[in-house]
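Structural characterization, general
Okay, here's what each chain looks like letter by letter:
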Amino acid sequence: PSYDYLLVDKRGESGCVGLVTLNRPKALNALSDPLMIELNSALQTLDADPTVAAIVITGSDKAFAAGADIKQMEDQQFVDCLKVNFLDHWNGITKIRKPVIAAVNGYALGGGCEVAMMCDIVLAGEKAKFGQPEIIIGTIPGSGGTQRLTKAVGKSRAMQMCLTGDMITAQQANDWGLVSSIHPPDKLVDEAIKLGERIATHSKVVVAVCKEAVNSSFELSLGEGVKFEKRLFHATFALNDRKEGMTAFVQKRKPNFTDT
Ligand code: HXC
């Protein structure tokens, strides 16, 4: 399919990494409804593609995404939000079963920061800036910013970011654990693809199960989470790839996973 606001490509060895580039440069990748609908659709297509093992989402050098589209929201009333459950479909990203890596260069603000935080791993370019500036325009984060940011960086830092609207640098985001690593801007997407390729050497089914287990830690108590993890761990013993992985180790050879 072709998209108006995205570029979609397959990169890495044998095209094992889906690359989605947000491409609405004139508005700094402001996340309008049509753009988010396309993003969900592109992610679902890559999720269903058996040759793809991981997905990278990136933007431009200047902006990963400058937030929800303020021009689209300006004249919107409460009742308009209520009628369509405004932004409900934004969590489509969190339904993707393959690992999703955000490669953030430039601004990741408001909804842009929230989209990055919905991804499984965030890598940042050295010039990246993160923020939840909604307070400056008279609203608050609406797609998980107050929740995921708090879990990522802790209460005091999340409060400070949400209440001041001030941006933090890539270095701060790295120190605070919001991102896993920082890279020179021109190397960032390649690094994200390399990371995707590394994940692609593993069994796709086991990777999906592992992602599900880590994500359950955000929803469950420790006791419930550990129990759920144990059952998923047991479930891997029903897979050919579990047997292949352990046999390959014992035979001192590389595993040949079949995603079964
Ligand atoms: C619509 C936007 C936009 C946005 C930028 N643009 N951000 N349009 N929605 N979020 C447009 C500008 O209007 C301008 O269009 C063009 O992009 C270039 O932006 P400039 O402001 O001229 O660029 P610059 O001076 O370099 O400043 C960059 C910036 C600034 C610091 C990122 O654009 C900015 O503060 N943007 C808004 C950030 C923000 O508040 N985000 C949160 C949105 S609320 P024209 O037509 O004038 O050239 C939100 C709610 C989430 O995300 C709730 C749940 C999802």
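Calculation rules
- Residues numbered from 1 in each chain as written.
- Predicted model: local features only at pLDDT ≥ 70, side-chain atom pairs only at ≥ 80, totals over all residues.
- Heavy atoms only, no water.
- Near = heavy atom within 4 Å.
- Polar contact = N/O pair within 3.5 Å; in protein donor to acceptor, adjacent residues only side chain to side chain.
- Areas by Shrake-Rupley, 256 points an atom, 1.4 Å probe, with all protein chains shown as cover.
- Helix = DSSP H or I, 4+ residues; strand = E, 2+ residues; numbered from the N terminus.
- Pairing = 2+ DSSP bridges.
- Axes fitted to C-alpha atoms, helices over the stretch in contact; angles between N-to-C directions.
- Contact = heavy atoms within 4.5 Å.

1. What to know about the site of the ligand
The environment of the ligand is formed by 24 residues, the closest being Lys62, Ala66, Ala68, Lys71 and Gly111. Lys62 is positioned with one of its side-chain polar atoms (N or O) 2.6 Å from an oxygen atom of the ligand. Here a nitrogen atom of the ligand and a backbone polar atom of Ile70 are 2.9 Å apart. For the ligand, the protein covers 67% of the area, taking 1,000 Å² as the surface of the free molecule. Considering every element that reaches the shell around the ligand, the biggest residue donor is helix α2 (residues 70-73), with three residues.

2. A closer look at the sheet that holds strand β10 (residues 181-183)
Across the sheet, six strands lie side by side as β1-β2-β3-β5-β7-β10; this open sheet has mixed pairing. One side of each edge strand has no neighbouring strand; the edge strands of this open sheet are β1 (6-11) and β10. Ignoring strand direction, the axes of neighbouring strands in this sheet form an average angle of 25°. Looking at chain direction, strand β7 (residues 121-125) and β10 are connected through three bridges and run parallel. Opposite Ala124, over in β10, you have Ile182 as the bridge partner. Running at roughly 155° to β7, helix α8 (residues 188-200) makes contact with β1, β2 (17-22), β3 (54-58), β5 (100-104), β7 and β10 of the sheet.

3. A short note on the sheet that holds strand β4 (residues 63-65)
If you walk across this open sheet you meet the four strands as β4-β6-β8-β9, and the pairing is mixed. Each of the sheet's edge strands pairs with one partner strand only, and the pair in question is β4 and β9 (168-169). Where strand β6 (residues 107-109) and strand β8 (residues 129-131) come together, three bridges link them in parallel fashion. Each residue of the ladder has a partner; that of Leu109, found in β8, is Gly131. Each of β4, β6 and β8 is contacted by helix α4 (residues 111-118), which is oriented at about 95° to β6, the strand it contacts most.

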